[in-house]
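Overview (structure and organization)
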Amino acid sequence: MTGLRGRAIRGHFVHAPDRGAVEVLEDAVVFVGEDGRIERIAPARDGVPEGTLDLPPDRLVIPGFVDLHVHAPQYPQLGLALDEPLEVWLGKYTFPLEARYADLDFAREAYGRLVKDLLAGGTTTALYFATVHRQATELLAGICLNLGQRALVGKVVMDLAESCPDDYRDASPAAAIADSRAVIEAIRALPDNDRVLPVITPRFIPSCSDEALAGLGALVAECACHVQTHCSESNWAHGYAIDRYGKTDTEALDGFGLLTRNTVLAHSVFLTDSDMDRVRSRGAGVAHCALSNAYFGNAVFPLRKALERGLNVGLGTDISGGPSASMLEAARMTVAVSRMLQDGVDPDDSRETRGRPESRIDLLTAFHLATAGGGIALDLDIGLFRPGYYFDALIIDAAAEAGTIRLFGAQPADRIEQILYTAIRPNIAATYVGGDLVAHNHESAAALPRT
Ligand code: GUN
Ligand code: ZN
């Protein structure tokens, strides 16, 4: 099996252009250009060119997942250290781990493992926080490019001495800005870079000085980069900006010029109505991290309300605030927590007052958010099977013996919900980014026709 640039692929394609539904392209041929973008989509009955990758009927092609919130350096503690609240967890476990990325050998090994695992798990695009270290951040960008993952990579800015350890922070606001600028330039200068972008990344307001935040705002205006940060994640984090500025995170970030159409705000659990309106009017996006919020968020993000107010939302795993690297898990958890929000959680409360009505969302909406929604939040041509969009896709093997999808004879295209609920990694036969084959599962790949 090889890449698909300049070739076509025939099979059943399922994607989610809108919330709450999928579109099935049954027995279709997708033509991929040399640039890795979809050129054209046509029914197979109109003709299948020589050299087309022809999939067996138990395969289904879906868009690759877009993970809007990953702390790349935290992968070694995935599934560990979830026993403390956010502000304690950061100092006790997370900053000491991230400080180790000054060692480039350690960084190379951990980042290589992460990117390979995410590709095999179906994450074709990731929005990454790296660490404060300039060189290790550039290393992560290079690893993504070499392994073929579409990625947005940010050097973390955290310069405030009172909240950051001496051995793990930017030396000064000026150094933080200079290093951020250098990383942006280095990523943009990577040879043959058609898929890795730089991101301006103030960790969150509690770890940054006003000078650093203002300097990064000016850098955004100058470089037209993406921006990412944490916003109103927990009661403590939400209260911090209010104490410091008498403003919410959203208002303060906007004041520093950090709330743009290319900004992604992680968590955002405690956005006020006027924060939501501000996020919407700026065209910024939210990375909803349902699993992580169960540990650190203190509440459930009102996703449906945010969607109904017109916010751009995608999903994030928040490795390692959430103990799973899988976007399938993120989508499932998104549905589960929305139902808990709707019904409420304390059985001693009355049925009438226990929950928040009209809060649940369905799995197809979660699938939309995990794919097209992430693409919209990042303003990239990804997450859909449409001419002009990159061919970032997963071949799902609904019959893999080592997998957990059991359709009992049903057609995969009719069972997208069952597939999304029950799939595990062995069901992902192959992962493509920009038409390039970037991961494949040996069991499933062996059953693919040789081409
Ligand atoms: N807030 C500031 N830093 C972090 C982090 O690393 N993870 C999470 N979940 N929240 C944060
Ligand atoms: Zn985070």
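All residue numbers refer to positions counted from 1 along the written sequence of the respective chain. Here every chain gets a letter starting at A, and every ligand a number starting at 1, in the order they are written. Predicted model: local features are reported for residues with pLDDT of at least 70 only, side-chain atom pairs are reported and counted for 80 or more only, and whole-chain, interface and lining totals are derived from all residues. Only heavy atoms go into the side-chain values, all of them from the structure, while hydrogens and water stay out.

**A closer look at the overall build of the protein**
- Strands are runs of DSSP state E lasting at least two residues, helices are runs of H or I lasting at least four, and both sets are numbered from the N terminus onward. Broken down by element type, the protein carries 14 helices and 17 strands.
- Across its three principal axes, the protein shows a C-alpha extent of roughly 65 × 60 × 40 Å.
- Buried residues are those whose accessible area, probed at 1.4 Å on protein chains only, stays under 20% of the maximum for their type, while exposed residues exceed 50% and partly exposed ones sit between those limits. Out of the 451 residues in the protein, the part that is buried amounts to 58%.
- Taking contacts inside the protein between residues at least 6 apart in sequence as the whole, the part at least 24 apart equals 73%.
- Surface exposure here means Shrake-Rupley accessible area, sampled with a 1.4 Å probe, where a residue is shielded only by the protein chains that are shown. Surface accessibility of the protein: about 17100 Å² in total, with carbon and sulfur atoms responsible for 49%.
- When charges are counted, neither His nor the chain ends are considered; positive counts come from Lys and Arg and negative counts from Asp and Glu. Charge positions come from single atoms, namely NZ of Lys, CZ of Arg, CG of Asp or CD of Glu. On the protein, the mean spot of the 41 positive side-chain charges and the mean spot of the 60 negative ones are 3 Å from each other. When checking whether two residues touch, look at their non-hydrogen atoms; a contact exists if any pair is within 4.5 Å.

**Quick notes on the packing of aromatic side chains**
- Working definition: rings of Phe, Tyr and Trp (its six-membered ring) pair if their centres are within 6.5 Å, and the pair is stacked with planes under 30 degrees apart, edge-to-face with planes over 60 apart, and tilted otherwise. What the rule picks out here adds up to ten aromatic pairs.
- When the centroid spacing of 4.9 Å and the interplanar angle of 65° are considered together, the rings of Tyr101 and Phe106 count as edge-to-face. Taken as a pair, Tyr101 and Phe106 share a single burial class, namely buried.
- One aromatic cluster is present, built from ring pairs that chain together Phe13, Phe385, Phe391 and Tyr432.
- Think of it as a cone above the ring: NZ of Lys or CZ of Arg counts as a charge over the ring if it is within 6 Å of the ring centre and within 35 degrees of the ring normal. A cation sits over an aromatic face here: Arg100 above Phe106, 4.0 Å from the ring centre.
- Cation over ring: Arg150 sits above Tyr390, and NZ or CZ is 3.9 Å from the ring centre.

**Some details on the coordination of the zinc ion (ligand 2)**
- Excluding water, the donors of a metal are its N, O and S neighbours within 2.8 Å, or within 3.2 Å for Na, K and Ca, and that exclusion means sites may look incomplete. Taken together, the protein ligands of the zinc ion (ligand 2) are His69 (NE2), His71 (NE2), His230 (NE2) and Asp318 (OD), with distances of 2.0 to 2.6 Å.
- For four-coordinate sites, all angles between 85 and 135 degrees define a tetrahedron; for four- and six-coordinate sites, opposite donors beyond 155 degrees with the remaining angles between 65 and 115 define square planar and octahedral shapes respectively, and all other cases count as irregular. Around the zinc ion (ligand 2) sit four donor atoms, and with donor-metal-donor angles ranging over 81 to 172° the site reads as irregular.
- Between the donor residues of the zinc ion (ligand 2), the gaps in sequence give the motif H-x1-H-x158-H-x87-D. One end of the pair, His71, is in strand 6 (residues 65-71); the other, His230, is in strand 11 (residues 226-231), with 159 residues separating them in the sequence.
- Classification of His71 by relative accessible area gives buried; the value is 3%.

**Remarks on the packing of helix 2 (residues 104-120) against helix 3 (residues 134-147)**
- To obtain each axis, a line is fitted to C-alpha atoms, and for helices this fit is confined to the stretch in contact; angles are then taken between N-to-C directions over 0 to 180 degrees. In contact at an axis separation of 9 Å, helix 2 and helix 3 are set at 35° when each is read in the N-to-C sense. Of the two elements, helix 2 crosses helix 3, and the hand of that crossing is right-handed. In this structure, helix 2 contributes Leu104, Ala107, Arg108, Tyr111, Gly112, Val115, Lys116 and Leu119 to the contact, and helix 3 contributes Gln135, Ala136, Leu139, Leu140, Ile143, Cys144 and Leu147.
- Under the scheme applied here, ten amino acids are nonpolar (Ala, Val, Leu, Ile, Met, Phe, Trp, Tyr, Cys and Pro), four are charged (Asp, Glu, Lys and Arg), and all others, including Gly, are polar. Of the residues belonging to the contact of helix 2 with helix 3, the class tally is eleven nonpolar, two polar and two charged. Note on convention: near helix rotated counterclockwise from far helix by under a right angle means a left-handed crossing. Clockwise means right-handed.

**A look at the pairing of strand 13 (residues 285-288)**
- Of the two faces of strand 13, the one lined by Gly285 and Ala287 and the one lined by Val286 and His288 are each fully buried.
- As judged from the three bridges shared by strand 12 (residues 263-267) and strand 13, these two strands associate in the parallel manner. Along strand 13, the bridge assignment pairs Leu265 with Val286.
- Whether a crossover is right-handed depends on one test, that the path from the first strand over the helix to the second runs clockwise when the strands point away from the viewer. Crossover strand 12 to strand 13 through helix 8 (residues 273-282) is right-handed. Pairing between two strands requires that DSSP report at least two bridges joining them.

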